[in-house]
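Secondary and tertiary structure notes
If you want the building blocks of each chain, they are given just below.
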Amino acid sequence: MPKDVITPRATDYNQWYLDIVREADLAEPAEVVRGCIVVKATGWGIWEMMQRELDQRIKATGHANVQFPLLIPKSFIMKEAEHVEGFAPEVAEVTRAGGEDLTEPYVIRPTSETIIGHFYSRWIRSYRDLPLLYNQWCNVMRWEKRPRLFLRTSEFLWQEGHTAHATREEAMEETIRMLNVYERIMKDVLALPVVPGEKSEGERFPGADNTFTCEAMMSDKKALQAGTSHFLGQNFAKAFDIKFQDRDGEVRYAWTTSWGVSTRLIGALIMTHSDDDGLILPPKVAPVKLALLPISTDQDLISSTLEPKAEEIKAAIEAVIGRRTVELDTRYHLRPSDRFFHHLQRGVPLRAELGEKELANQTLRLVRRDTGERIDVPMEEAPRRVLEVLEQVQENLYRRALDFRLSNTFEVSSMDEFKEVLDSKGGFISAFFGGTKEDERAIKEATGATVRCFPLEDHSTGTCFYTGRQGCKRAIFAKAY
RNA sequence: CGGGGCGUAGCGCAGACCGGUAGCGCACCUGAAUGGGGUUCAGGAGGUCGCUGGUUCAAAUCCAGUCGCCCCGACCA
């Protein structure tokens, strides 16, 4: 008989999400600091795994890590017209320090294009200085009206890549390269199937010429922007005077890009894979990949045989799947079912049970978190089989999420159909669209859905469902977080 | 910032209309039985009732002010 500590998704999706975060011990609202979050050990462990994977890939594509100040002179934010408009309403300012009013206030960085632009202008003189390929892992602050754990906290952690290039083509290549890096890591590591695409005019980053995105579908069929890569053109170069003398002697403005993913990805993981029992983590980002539980009512048997055996198995398995990835659960004061549930709720991908039955048969019982399937494997094969099953879990989670998205994506060709499908089924609406920013706003007004992106891999064109214009690209619409 | 709601034990709530010095469920601690997907019983610990002021012999309760949080919108990684 389950206790109702986790609200079923069908009852209240928002509450379900909060319950998962709490019961899996990922994080809690900071409360004393509005909109901020305390990331707890398990949540941080997930972030560390994602960070490690991504950091390697950022470096593998030629970028180096750097660190810029948390505070930015307020005047910097004001330099790029659209950037000001986009970010001014949500920045926090520091006006006093050291007991005195500052002559110029600082803002706490909402993103670092401006201060990095300032330094890039000092570092770049020649085409030989380009490209400049830097990334920083840091925290930023945006005073959003409506915070939501992981998805939109006032302070959040992310990486922001900032690059400068000699030509438009090179900068565009970089923008797409990093979008692809994001797509790959989301797919391969987080098991998140995403739609890479270009943002519409109305959804662009303030100050960018083009914004590219990885859009994911959550299990309530709403969309989540999981990561973005911006082609900034020469906008910031002009605002911050980032110029170089080219091969031909001409002085030119550089072309810049920026790209980032944040702790929001943890929210994406939760809302993509988890169920009413609790969190489900893809093995590749699970700090604990296997919970190993010696089970017996006979305390002597436990200490003489089961626990030593368990230690031995743990070592053998960790030799194959990685250090400190197996948690040996020795909480014998709890009933087995309570111990099971603990790991289940926390999303541990695989549970192993070692009891008298297993001892007698020289087997180990594995239980999958994603399917509940029980698999008895010969003891000596355990390490290999654990690895194998973990790979299957990883694959299954991706496949499941992809199927969900595909079966909840609907094509429409008129506004009436758009509304009807969105109301009755929800999900992603796929339609040819060639409207303006104003049209986007009107559609949002009428339906609550926004343009998520123009998928990159879809080259088909057709008649716009809204304006009737010919030769328009396909867009994905959805209600979004 | 507009509309609604709420602050009482770690969490979720009752008590308030009709002032008399705080209670329930879960979680937690102890013990017993139980034990392979959320067990049962017994005992126990835990609260300046958001804050400030007022009325009163007496305030969680009445009055005034204030702070904060949540939900729905607008805004967003």
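Residues numbered from 1 in each chain as written. Chains lettered and ligands numbered in written order. Predicted model: local features only at pLDDT ≥ 70, side-chain atom pairs only at ≥ 80, totals over all residues. Heavy atoms only, no water.

**Concerning the packing of aromatic side chains**
Throughout the structure, instances matching the rule amount to 18 aromatic pairs. Seen in terms of ring centroids, F231 and W255 are 6.2 Å apart; in terms of plane orientation they differ by 20°. Their pairing is stacked. Of this pair, F231 sits in strand β11 (residues 223-231) while W255 is found in strand β14 (residues 255-262), placing the two residues 24 residues apart along the sequence. Overall, the relative accessible area of 0% leaves F231 in the buried class. We classify W255 as buried; its relative accessible area is 15%. (Phe/Tyr/Trp six-rings, centres within 6.5 Å; stacked < 30°, edge-to-face > 60°. Helix = DSSP H or I, 4+ residues; strand = E, 2+ residues; numbered from the N terminus. Buried < 20%, exposed > 50% of the residue type's maximum accessible area, 1.4 Å probe, protein only.)

**Remarks on the side chain of D55**
You can see D55 is positioned in helix α2 (residues 41-60). Within the local environment of D55, its side chain forms a polar contact with the side chain of K59, the two groups lying 2.5 Å apart. Those residues in contact with D55 that lie beyond four places of it in its chain are N65 and W137. (Polar contact = N/O pair within 3.5 Å; in protein donor to acceptor, adjacent residues only side chain to side chain. Contact = heavy atoms within 4.5 Å.)

**Quick notes on the sheet that holds strand β5 (residues 93-97)**
Pairing is antiparallel across the open sheet formed by three strands, whose spatial order is β4-β6-β5. The open sheet is flanked by β4 (71-73) and β5, the only strands paired with a single partner. On average, adjacent strands in this sheet sit at an angle of 50° to one another, irrespective of strand direction. Note that β4 and strand β6 (residues 100-108) share three bridges and pair antiparallel. When the sheet's bridge partners are listed, P73 is paired in β6 with Y106. (Pairing = 2+ DSSP bridges. Axes fitted to C-alpha atoms, helices over the stretch in contact; angles between N-to-C directions.)

**As for the sheet that holds strand β15 (residues 290-295)**
With respect to topology, five strands assemble into an open sheet ordered β16-β15-β17-β18-β19, the strand pairing being mixed. Looking along the sheet, the strands with just one partner apiece sit at the ends: β16 (326-328) and β19 (374-378). Going across the sheet, the axis of each strand differs from the next one's by a mean of 25°, ignoring polarity. Summarising the sheet, strand β17 (residues 350-355) and strand β18 (residues 363-368) pair through four bridges and their orientation is antiparallel. When the bridges of β18 are listed, R351 appears paired with V367. In the packing of helix α10 (residues 336-345) onto the sheet, contacts are made with β15, β16 and β17, and the angle to β15 comes to roughly 175°.

**As for the domain arrangement of chain A**
Annotation of chain A at the domain level lists domain 1 (13-273), domain 2 (288-388) and domain 3 (409-478). Taking only C-alpha atoms into account, the centre of domain 1 sits 27 Å from that of domain 3. Taken together, the 19 residues of domain 1 in the interface contact 17 residues of domain 3. Interface area for domain 1 against domain 3, summed over the two sides, is near 1400 Å², with a carbon-plus-sulfur share of 60%. Where domain 1 meets domain 3, there are three salt bridges. On inspection of domain 1 and its partner domain 3, the count reaches seven residue pairs in polar contact (both at pLDDT 80 or more). In terms of residue class, the side of domain 1 that touches domain 3 is built from eight nonpolar, five polar and six charged. (Domains from an automatic or database assignment. Buried area = accessible area lost by both parts, 1.4 Å probe. Salt bridge = Lys/Arg side-chain N within 4 Å of Asp/Glu carboxyl O. Nonpolar A, V, L, I, M, F, W, Y, C, P; charged D, E, K, R; others polar.)

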